[in-house]
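Okay, here's what each chain looks like letter by letter:
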Amino acid sequence: MAPLEPWEKVLVDADAFSETVHGRLDCVECHGGEDVGDKDAAHAGIIARPSEGEALICQECHENEVALQATSLHATQEGYWTILEARGADRTDPAMHEMFGNHCASCHTSCGDCHVSQPASVGGGLLDGHSFVERPPMTRTCTACHGSRVGNEYMGKNEGLLADLHFRTQRMTCVDCHTASEMHGAVADPEAPPPAHRYDGVEGPQCQSCHEIVGSAEDEVLMHQEHGDRLSCQVCHSVTYINCDSCHVAVSETSGNPFFTTAATYFTFLIGRNPLQSESRPYAYVPVRHVPVDPESFAYYGENLLPAFDAEPTWRYATPHNIQRNTPQTESCNHCHGTADIFLTADKVRPEELEANQGVIVDTVPPSPLP
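Residues numbered from 1 in each chain as written. Predicted model: local features only at pLDDT ≥ 70, side-chain atom pairs only at ≥ 80, totals over all residues. Heavy atoms only, no water.

*Asks:* Can you tell me about the nonpolar core, naming the residues and giving the values?
*Replies:* In terms of nonpolar packing, the biggest core is built from 18 residues, with Leu 84, Met 96, Met 99, Phe 298, Tyr 301 and Leu 306 touching the most fellow members. Where this core is concerned, the elements lending two or more residues are α8 (78–86), α9 (94–103) and β1 (241–251). Sort the elements by how many residues they give to this core and α9 lands first, with four residues. The contacts of Phe 298, once residues within four sequence positions are left out, are Leu 84, Met 96, Met 99, Val 249, Leu 305 and Leu 306. Judged by nonpolar contacts, the second largest core, of 12 residues, contains Leu 231, Phe 269, Cys 336 and Ile 342. (Core = buried A, V, L, I, M, F, W, Y, C linked by side-chain atoms within 4.5 Å. Buried < 20%, exposed > 50% of the residue type's maximum accessible area, 1.4 Å probe, protein only. Helix = DSSP H or I, 4+ residues; strand = E, 2+ residues; numbered from the N terminus. Contact = heavy atoms within 4.5 Å.)

Structure follows, in structure tokens:
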């Protein structure tokens, strides 16, 4: 997605916008300022992003959606803090607070970041001349932020790898699976606490929502019945995906802008033990992806900011968005069984990360059932 020119970001299609429901409101009702002819006076006290914070202006008409925002990980960014705190980070530490503000906080998303403009973290810019878009365009909102992994995998932008079957054959977009209620922050169990991270609570979306007979007595694919809940669907139907090593963050001495660097980016497909095993995710084995966190990731801001680094694995539960009907795993049993290359065994883990990944490493490769 090419950056927008400054004039493109603020160009309002007055004729089209005035015909919409939101276009019946005066500009000052949402943006503040003064309804006067002088530009400087009109823009005094203007609110550029009215849906920021508690989105009170949106709440007047969209009460249910705004109420859910309190639990939306897009708004709260609680998923970041859950993992950081699990590694010993202290969110009240001024050093961590500064780091988070420089490198993480910009990924926060408000109502307007999806329905009116591109997310601020990728430069902003109106989607459709200020007209509100009920179904956000995938490439200008979703994959504008979730691009380096999810977007590239899903749309086949990684060289030599096919796009996800759902995109390639059906042109499905993110919201075909990730529903509006999920994006707004709804939880499957209203009595449960707000989600602590994206894999918290009931699994969703679920493949079975569309593929209802998979694993049932009516399923003609024997392996679906054979493996049942022991394997996540991606174990057999995902292919190679991207991994990253050792991220470090800092602030440029020349520009003064925050930046990050990673030691390595590479492609793998590895099956590990499920580090998030629960009633909702009962699988014994899942694909695992290496995340780029490092004990010294935030050393620029202070010493020992992740004192419990080994409390969380660096090879983590993954749901790659590159699903294929036919994969190397579906070709034969022996592609997985008895083949150590496809499993996350100890020899594939850095010595300094072995302790952190004990719950993910496969100690014994499932034996081959065939000669």
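Let us keep going from here.
*Asks:* Pulling in residues and values, what's your account of the pattern of salt bridges?
*Replies:* By the definition in use, this model includes 10 salt bridges. Between Arg 273 and Asp 363 there is a salt bridge, with its nearest N and O atoms 3.7 Å apart. In this pair, Arg 273 is assigned in strand β3 (residues 270–273) and Asp 363 in the segment after α18 (328–331), connecting sequence segments 90 residues apart. By relative accessible area, Asp 363 is classed as exposed at 63%. With its nearest N and O atoms 3.9 Å apart, the salt bridge here joins Glu 353 to Arg 350. A relative accessible area of 4% means that Glu 353 is categorised as buried. Here the salt bridges share partners, and the residues they tie into one network are Arg 49, Glu 52 and Asp 113. (Salt bridge = Lys/Arg side-chain N within 4 Å of Asp/Glu carboxyl O.)

*Asks:* I'd like a rundown of unusual backbone geometry, residues and numbers included.
*Replies:* Pro 205 follows Gly 204 through a cis peptide bond whose omega is -5°. Mapped onto the fold, Pro 205 is located in the loop between α15 (180–184) and α16 (222–227). Its identity as a non-glycine residue notwithstanding, Asn 304 has a phi of 50°, on the positive side. Mapped onto the elements of the fold, Asn 304 is located in the loop between β4 (285–290) and β5 (315–317).

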